[in-house]
Amino acid sequence: MIRLNNTQYFHFLEQADNLRRSGSLCDAIILVESQTFKAHRLVLACASRRLAKQLAQGDTDSPVYCTLKFFSPKTFQQVLDFTYTQALEVS
């Protein structure tokens, strides 16, 4: 078997993370307790089937809002960062 690794996947996530951090092209607004997080539906949907179902309910022409009750803001920030960077910092 021959395995080819697509280095563009890392580049894609890196660019998506840069866009997220600058607030560009974000089409998902996630509310955790009283804190909001901007993200991209596509990235979140690829990372979580549950979020994919929730995010698919919104209009594709405007940002979709989603409230999560099973995370603290700090934990969701770690999950969101991991989703975009594939790296996790635990303190």
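What counts and what doesn't
- Residues numbered from 1 in each chain as written.
- Predicted model: local features only at pLDDT ≥ 70, side-chain atom pairs only at ≥ 80, totals over all residues.
- Heavy atoms only, no water.
- Phe/Tyr/Trp six-rings, centres within 6.5 Å; stacked < 30°, edge-to-face > 60°.
- Helix = DSSP H or I, 4+ residues; strand = E, 2+ residues; numbered from the N terminus.
- Buried < 20%, exposed > 50% of the residue type's maximum accessible area, 1.4 Å probe, protein only.
- Pairing = 2+ DSSP bridges.

Caption draft 1: Region of interest: the packing of aromatic side chains. Using the criterion set out here, one finds three aromatic pairs in the structure. For the pair Phe37 and Phe76, a centre-to-centre distance of 5.0 Å together with 70° between the ring planes defines the contact as edge-to-face. Here Phe37 is found in strand β2 (residues 35–39), whereas its partner Phe76 is found in helix α4 (residues 73–85), with 39 residues between them in sequence. The buried category is assigned to Phe76, whose relative accessible area is 2%.

Caption draft 2: Molecular detail of the pairing of β2. By the bridge criterion, five bridges tie strand β1 (residues 28–32) to β2 in an arrangement that is antiparallel. Paired with Ile29 across the bridge in β2 is Lys38. In this antiparallel pair of consecutive strands, β1 and β2, the connection spans two residues, and Glu33 shows a positive phi of 55°.

Caption draft 3: A look at unusual backbone geometry. Backbone geometry places Leu25, a non-glycine residue, at a positive phi of 60°. As for its placement among the helices and strands, Leu25 is situated in the loop between α1 (7–22) and β1. Overall, Leu25 belongs to the exposed group, its relative accessible area being 68%. Residues other than glycine seldom take positive phi values, yet Glu33 does so here, at roughly 55°.

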